[in-house]
Amino acid sequence: VANGSATVEVDDVADAISRISDAAVAAGGYVESSQIGGGGASVPLDGVATDSRSPRGSSSGWVSVRVPAESLTTVMDDLSDVGTVTMSSVSRSDVTDQAIDLRARVAAAEASVARLTELIAQASSVGDLITAESALSERQAQLDADRQQLESLEAQVALSTLSVRLDARAQLET
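Structural notes, computed from the coordinates. Keep in mind that this is a model prediction, so the values were computed, not measured.

1. Side note on the pairing of strand S1 (residues 2-10)
Here comes step 1: Here S1 runs beside strand S5 (residues 84-92); their pairing, made up of eight bridges, is antiparallel. What sits directly across from Ser5, in S5, is Ser89.
Here comes step 2: Summarising the sheet, S1 and strand S6 (residues 159-168) pair through eight bridges and their orientation is parallel. When the sheet's bridge partners are listed, Val10 is paired in S6 with Ala168.

Spelled out as C-alpha cells, the structure:
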C-alpha cells in the first residue's frame, strides 16, 4: 500500500484543486474530497463550491485523490506544474502477509461452509439440523467478513491516496 502527501504553494487555490483533480482522473483515479479555505467551503466532485462566498482568493485548501498505485509517483511529480512543492512524502507498507492470511481464511471458510451445507442436507434429526444451521450461519458471517476485508485490502493496494495541502503564495502589495 502506497500513500503520498504534499504541500504546494500556488497562485490560485481553486485552480490548483481543479488541476490536481483533472490529473487524478486522467491517471484513472478520482477525487476523494477537497476543501477551499478554512471556513468549510467544500467542493464536491462537480467542482462547484457549496459556500455562498467565492472560493477564489482563498489562502488555503486541500484535495485528496485516489490514483492507481503505479501512477502515484507520476502524479506527485506533476505537482510541480501546479505550483512550488514545499513538502512531499510517500509511505509504503507491505501487506503481502495480511493478504495471504486472508486468502487462506476465505478458502478454509468456503470449505467449511460447503461441508456444513452437506451436513444440513444429511441431518437425521431436528437437533442436528439446528446445530448445523447455527454453525453454518456463524461460518457464513465470518466468510463474508473475511471476503469484505480482502476486497478492501486489494482496493487499498490498487489505488493510492494522495493528500495535497495548498497554500496561496503571499501576494506582494504595490
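2. As for the packing of helix H3 (residues 96-122) against helix H4 (residues 126-158)
Here comes step 1: Following both chains from N to C, one finds H3 and H4 inclined at 155°, their axes separated by 9 Å at the closest point. Here H3 lies roughly antiparallel to H4, going by the angle between them. In terms of crossing hand, the pair formed by H3 and H4 is left-handed.
Here comes step 2: Of the residues that constitute the contact of H3 with H4, the class distribution is 14 nonpolar, six polar and eight charged.

3. Description of the side chain of Ser64
Here comes step 1: Relative to the assigned elements, Ser64 resides in strand S4 (residues 60-68).
Here comes step 2: For Ser64, the contacting residues outside a window of four places in its chain are Val31, Glu32, Ser33, Thr161, Leu162 and Ser163.

4. Things to note about the pairing of S4
Here comes step 1: Here S4 lies mainly inside the structure; eight of its nine residues are buried.
Here comes step 2: With six bridges connecting them, strand S2 (residues 30-36) and S4 associate as antiparallel partners. Its bridge partner being in S4, Ile36 is matched across the sheet by Gly61.
Here comes step 3: Sheet topology note: the S4/S6 ladder contains nine bridges and is antiparallel. Bridge assignment links Gly61 to a residue of S6, and that residue is Leu166.

5. Description of the environment of Val25
Here comes step 1: Summarising the element assignment, Val25 is placed in helix H1 (residues 13-26).
Here comes step 2: Along the chain, Val25 and Val67 lie 42 residues apart, while their C-alpha atoms are 7.8 Å from each other.

6. Description of the nonpolar core
Here comes step 1: Val10, Ile20, Val63, Val65, Leu162, Val164 and Leu166 are the most contacted members of the largest nonpolar core, which has 23 residues in total.
Here comes step 2: Looking at this core element by element, the count peaks at six residues for H1.

7. As for the pattern of salt bridges
Here comes step 1: In the structure shown here, the tally under the stated rule is six salt bridges.
Here comes step 2: Here Asp11 and Arg169 are joined by a salt bridge, their closest N and O atoms 2.9 Å apart. With Asp11 in the loop between S1 and H1 and Arg169 in the segment after S6, this pair connects stretches of sequence that are 158 residues apart.
Here comes step 3: Owing to a relative accessible area of 57%, Asp11 belongs among the exposed residues under this scheme.
Here comes step 4: Judged by its relative accessible area of 26%, Arg169 falls in the partly exposed class.
Here comes step 5: Close ionic contact of Glu154 with Arg103 constitutes a salt bridge, the shortest N to O distance being 3.2 Å. Separated by 51 residues along the polypeptide, Glu154 in helix H4 and Arg103 in helix H3 bring together distant segments of the chain.
Here comes step 6: Relative accessible area serves as the criterion here: at 42%, Arg103 is assigned to the partly exposed category.

Rules behind the numbers
- Residues numbered from 1 in each chain as written.
- Predicted model: local features only at pLDDT ≥ 70, side-chain atom pairs only at ≥ 80, totals over all residues.
- Heavy atoms only, no water.
- Pairing = 2+ DSSP bridges.
- Helix = DSSP H or I, 4+ residues; strand = E, 2+ residues; numbered from the N terminus.
- Axes fitted to C-alpha atoms, helices over the stretch in contact; angles between N-to-C directions.
- Parallel < 35°, antiparallel > 145°, perpendicular 65-115°, else oblique.
- Left-handed = near helix turned anticlockwise from the far one by under 90°.
- Nonpolar A, V, L, I, M, F, W, Y, C, P; charged D, E, K, R; others polar.
- Contact = heavy atoms within 4.5 Å.
- Buried < 20%, exposed > 50% of the residue type's maximum accessible area, 1.4 Å probe, protein only.
- Core = buried A, V, L, I, M, F, W, Y, C linked by side-chain atoms within 4.5 Å.
- Salt bridge = Lys/Arg side-chain N within 4 Å of Asp/Glu carboxyl O.

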